[in-house]
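Here is what each chain is made of, one letter per residue.
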Amino acid sequence: MKEQETYPKLSEQVALITGANRGIGWAIGRMLLDAGVRVAFGCRTGADAVQERIRGLSGDERGAAVLLDMSDSASIEAALDSVLHRWGRVDILVNNAGIVRDRLLLRMDEAEFREVIDVNLVGPFRMVKAVLRPMMKQRYGRIVSISSVVGSTGNAGQANYAASKGGLEAFSKSVALEVASRGITVNVVAPGFIETDMTAGLPENVTSGVLERIPVRRFGRGEEIAHAVRFLVDPAAGYITGAVVPVNGGLYMP
Ligand code: NAP
């Protein structure tokens, strides 16, 4: 039998989170900062304001806002370089950034389909490929991607988004198989409806209809997604890989 491996403590680890200026990404960053991790908050916009907020929480030593646009390979490489330059390693990647461009398929044009796939699925492909090199060298890594319940169930008006999230789950399982022997786990957290800007714009009748279908009878909070991520990135979670963890108030039970 293989000897028990020793992993760096969370307080010695470095995380990079995409889409971390607000919503679920910000909640994940905060929770990892609280756990003692050094956290790079990937920001497409609002990096200066995020750095101010981090300063108030942990000081500038353990948290940094880094510019990061998932639709741009050069931006991804630059963000990763700045993390490696600053802290010398990257142990945790959370692919959280995501967009919606909702429309019934008959009215959806190809650009709207491609844009969502590019940010939500090709983005994580670019990001994972970039971090695998340092993680393989370290022989340690924790990758978690945020999909959605609709990646399994589908949703009218979200053919582009549902395809991107279902694809993200299949992508993650495939990469999990490729890197399992290197001490790197690859998992997915699949939220149901969470209170963020993404759901704030839903019309009242849609919100009440959705609430009726959620057994827990409320939308989730960003911290509740962060909690599942925190569990999966723990060094002790090394035997969990290729998993899709639902956090949806009982809305869908795979
Ligand atoms: P949100 O409040 O709309 O925030 C989206 C985040 O993604 C923002 O930080 C945004 O940055 C970032 N982003 C968008 N395009 C980007 C790009 N090209 N490059 C880098 N970052 C980009 O959404 P959220 O609710 O926190 O969602 C976070 C994740 O959870 C998403 O993947 C979403 O699909 C998933 N999810 C959410 C729910 C929900 O009910 N809220 C349910 C299931 C899954 P900017 O501020 O610069 O635009």
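So, how was this worked out
Residues numbered from 1 in each chain as written. Predicted model: local features only at pLDDT ≥ 70, side-chain atom pairs only at ≥ 80, totals over all residues. Heavy atoms only, no water. Helix = DSSP H or I, 4+ residues; strand = E, 2+ residues; numbered from the N terminus. Contact = heavy atoms within 4.5 Å. Pairing = 2+ DSSP bridges. Axes fitted to C-alpha atoms, helices over the stretch in contact; angles between N-to-C directions. Expected span 1.5 Å × (residues − 1). Bend = angle between axes of the 7 residues up to and from the residue.

A. Highlighting the side chain of Asn-160. On the secondary structure map, Asn-160 appears in helix 6 (residues 159–179). With near-sequence residues (within four places) excluded, Asn-160 lies in contact with Arg-101, Met-108, Glu-112, Phe-113, Val-116 and Ile-117.

B. Region of the structure containing the sheet that holds strand 7 (residues 244–247). If you trace the seven strands from one edge of the open sheet to the other, you get 3-2-1-4-5-6-7, paired in parallel fashion. In the strand order of this sheet, the two ends are held by strand 3 (63–67) and strand 7, each with one partner. Mean inter-strand twist for the sheet, computed between neighbouring axes without regard to direction, equals 20°. In this structure, strand 4 (residues 92–95) lies alongside strand 5 (residues 141–146), joined through four bridges in parallel fashion. Residue pairing in the sheet places Asn-95 in a bridge with Ser-145 of strand 5. On the sheet, helix 2 (residues 47–58) packs against strand 2 (38–43) and strand 3 and is oriented at approximately 170° with respect to strand 3.

C. Layout of helix 4 (residues 110–138). Between the first and last C-alpha of helix 4 there are 40 Å, a value that for 29 residues agrees with the 42 Å anticipated at 1.5 Å per step. A bend of about 40° at Asp-118 is the largest found in helix 4. Positive phi shows up at Arg-139, right after helix 4, with a value of about 55°.

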